[in-house]
Amino acid sequence: MKRAAFVICIVLGVCVFVLGASSSMGAQKKAKVSAPPATTTWFKTFGGPNFKVLYAVSHTADGGCVAVGYAFASKFPPPNLWVLRLNARGDKLWERTFPKAIHGSSFYNVRLGPDGSIFVLACKNLAEGNSLRDGLRVIKMDDTGRVIWEKEFGKEVTWYGNALAATADGGCVFGGSRFNKARNRDTGWVIKLDKQGNVVWETFLESAQYEGSALTETPDHHYLFAYTAIESGEGLRVAKLDAAGTVVWQRGYSSFGKNSSDVVQSIVCTRDGGIIVSGGTTLGVIKGFVIKLDAEGKWLWDRGGVTGRASACPADDGGAYVLFCQDYLLVIKLDRMGTMEWVRMLGEPRVRYCGYDMDETMDGHFVLVGSQLLSAIKSAPFVMKVDKNARIPSMPKLNMDPSFRPDTMTKDIFKPVALPSRGK
């Protein structure tokens, strides 16, 4: 009887184990379908025999990211446009290259579409042979890297731009500056493409310099465009366009007078209904800036003074996480009133880093891209995933104790600029 009871217990135990395992496997499968993979932090470099650099990054639906820049196929120019797709663990899923790219951090951007498609904006040399003609290409890809369509702009006049936003209807808006024959100068502009890549509308603004611009779609499906003007008072411009491309309002801001140049790096909508614009102001040395505006473009506050251009992501409290590009990776958390809550320094001692862009991932963490400068002539592009406190617990050597703490940042460096009576 004891032996029979023992056997029954064993059988029941096996059944319970099998049922439990089956239930656990079912739960795991469900989790894989309904949620991104578990978060990990990591640091990946992508060196090789030829020079490469990554300038822009966007999150993807699986907790990973897609980054863009350029890579030389040989020791001689021109470089190729380089698109790199990583999963949530930092593993390379695929990479694609496209010929005839152009040097410069202000010429690349990437954004995730609402259906999981990937939009890439990059400058391209449209000329034949050894001559140069700067134009733009916009590429829509699926999540496997297959090209859905590719469009080129600028065969007749020079086009520049790195402002890009995916739209809710499956298309995109992009912009920057292009030569306007009627005005005989470069002019700020924005174009809307539908999901097939057809031009829906185009809007021209003030004259603008070729470097630095940014776009984002607002919650009401309008568009915010930030750029640098070179007339009516030099400085930063922010325009809101409606769904048809009509200017709703435009505001101007200038720092340190006409001797400075305010170059835009990013524009985002904050979670309390405001707007954050970031970039760099050049007055001898590049100094990063962050400006917060209300929903109508009214100035609320600004902070600046840290070396290097700034790129921002919105925070839950209406503030922002800000990445500064300098000899190390500096991330600062500002609250909704512009008060600095914490600062993190990422990198290794005696190794130079240059960070260009950051984006929040689907699991509430952040991806950063840039270059690790290994020597005077050698560098390696990197992609880094950090937690919500800008730390990499899995790699302690990359979490530096800050030797520089910007406990006080310069305030109120931007002043309003009176603009012509266009829009409100």
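Quick caveat: nothing in here was measured; it's all calculated off a predicted structure. (Residues numbered from 1 in each chain as written. Predicted model: local features only at pLDDT ≥ 70, side-chain atom pairs only at ≥ 80, totals over all residues. Heavy atoms only, no water.)

Focus: the overall build of the protein
Then step 1. Scanning the protein from terminus to terminus reveals one helix and 30 strands.
Then step 2. Per-residue burial for the protein yields a buried fraction of 55% across its 424 residues.
Then step 3. Within the protein, contacts between residues separated by at least 24 positions form 49% of all contacts whose residues are at least 6 apart in sequence.
Then step 4. Total accessible area on the protein is roughly 19,000 Å²; 56% of this is exposed by carbon and sulfur atoms. (Helix = DSSP H or I, 4+ residues; strand = E, 2+ residues; numbered from the N terminus. Buried < 20%, exposed > 50% of the residue type's maximum accessible area, 1.4 Å probe, protein only. Contact = heavy atoms within 4.5 Å. Areas by Shrake-Rupley, 256 points an atom, 1.4 Å probe, with all protein chains shown as cover.)

Quick word on the confidence of the model for the protein
Then step 1. Model confidence for the protein is summarised by a mean pLDDT of 82, while 82% of its residues fall at 70 or above.
Then step 2. For the protein, per-element mean pLDDT is lowest for helix α1 (residues 2-34), which scores 35, and highest for strand β5 (residues 92-98), which scores 96.
Then step 3. Across residues 1-37, where pLDDT falls below 50, the model places seven contacts with residues more than four positions away in sequence or in other chains. (pLDDT = per-residue confidence, 0-100.)

As for the pattern of salt bridges
Then step 1. Tallied over the full model, the rule gives 17 salt bridges.
Then step 2. Note that R237 and E206 form a salt bridge whose closest N and O atoms lie 2.8 Å from each other. You can see R237 sitting in strand β15 (residues 235-241) and its partner E206 sitting in strand β13 (residues 199-217), a full 31 residues away along the chain. By the burial criterion, R237 is buried, and E206 matches it.
Then step 3. Across the pair K385 and D363 runs a salt bridge whose closest N-O atoms are separated by 2.9 Å. (Salt bridge = Lys/Arg side-chain N within 4 Å of Asp/Glu carboxyl O.)

Description of the nonpolar core
It is characteristic of soluble globular proteins that their nonpolar side chains tend to be buried jointly.
Then step 1. With 42 residues, the main nonpolar core has L81, V83, Y108, V120 and F174 as its most contacted residues.
Then step 2. Among the elements that make up this core, the one with the highest residue count is strand β7 (residues 118-125) (six residues).
Then step 3. Leave out the neighbours within four places in its chain, and F174 touches L121, L136, V138, F153, A163, L164, W189, V190, I191, L193 and L215. (Core = buried A, V, L, I, M, F, W, Y, C linked by side-chain atoms within 4.5 Å.)

With respect to the sheet that holds β7
Then step 1. The antiparallel open sheet is built from four strands, whose spatial order is β6-β7-β8-β9. Each edge of the open sheet carries a strand with a single partner, namely β6 (108-112) and β9 (147-153). With direction set aside, neighbouring strand axes in the sheet form an average angle of 20 degrees. (Pairing = 2+ DSSP bridges. Axes fitted to C-alpha atoms, helices over the stretch in contact; angles between N-to-C directions.)

Description of the side chain of K124
Then step 1. Topologically, K124 is positioned in strand β7.
Then step 2. Reaching out from K124, the side chain makes a polar contact with the side chain of E152 at a distance of 2.4 Å. (Polar contact = N/O pair within 3.5 Å; in protein donor to acceptor, adjacent residues only side chain to side chain.)

Some words on the packing of aromatic side chains
Then step 1. This model, assessed by the stated rule, comprises 18 aromatic pairs.
Then step 2. For the ring pair F51 and F72, a centre distance of 6.4 Å and an interplane angle of 55 degrees mean the geometry is tilted. One end of the pair, F51, is in the loop between β1 (42-45) and β2 (52-59); the other, F72, is in the loop between β3 (65-71) and β4 (80-86), with 21 residues separating them in the sequence.
Then step 3. Residue F51 is classed as partly exposed on the basis of its relative accessible area, which comes to 36%.
Then step 4. What makes F72 buried here is its relative accessible area of 13%. (Phe/Tyr/Trp six-rings, centres within 6.5 Å; stacked < 30°, edge-to-face > 60°.)

Quick notes on the sheet that holds strand β22 (residues 320-325)
Then step 1. Here we have five strands laid out as an open sheet, ordered β21-β22-β23-β24-β28, and antiparallel in their pairing. Of all strands in the sheet, those with a lone pairing partner are β21 (310-314) and β28 (399-400), marking the two edges.
Then step 2. The pairing of β22 with strand β23 (residues 329-334) spans six bridges and is antiparallel. Following the sheet pairing, C325 is matched in β23 by L329.

Quick word on unusual backbone geometry
Then step 1. At K100, a residue that is not glycine, the phi angle is positive and equals roughly 65 degrees.
Then step 2. Assignment of secondary structure puts K100 in the loop between β5 and β6.
Then step 3. Of note in the backbone geometry, H221 takes a positive phi value of approximately 65 degrees without being a glycine.
Then step 4. Topologically, H221 is positioned in the loop between β13 and β14 (223-229).

Re the environment of F174
Then step 1. Looking at the secondary structure, you find F174 in strand β11 (residues 172-180).
Then step 2. As a C-alpha pair, F174 and I191 span 17 residues in sequence and 5.6 Å in three-dimensional space.

Details of the pairing of strand β25 (residues 352-360)
Then step 1. Within β25, eight of the nine residues are buried, which leaves the element mostly enclosed by the surrounding structure.
Then step 2. Looking at chain direction, β25 and strand β26 (residues 366-373) are connected through eight bridges and run antiparallel. Paired with D359 across the bridge in β26 is V367.
Then step 3. What sits between β25 and β26 in their antiparallel hairpin is a turn of five residues, with G364 showing a positive phi close to 80 degrees.

So, the pairing of β26
Then step 1. With seven of eight residues buried, β26 lies mostly within the body of the structure.
Then step 2. In this structure, β26 lies alongside strand β27 (residues 379-386), joined through eight bridges in antiparallel fashion. Across the sheet, residue Q372 finds its bridge partner in β27, namely A380.

With respect to the environment of A73
Then step 1. Along the chain, A73 turns up in the loop between β3 and β4.
Then step 2. For the pair A73 and N50, spaced 23 residues apart in sequence, the C-alpha to C-alpha distance is 6.7 Å.
Then step 3. Other than its neighbours up to four places away in sequence, A73 contacts N50 and N80.

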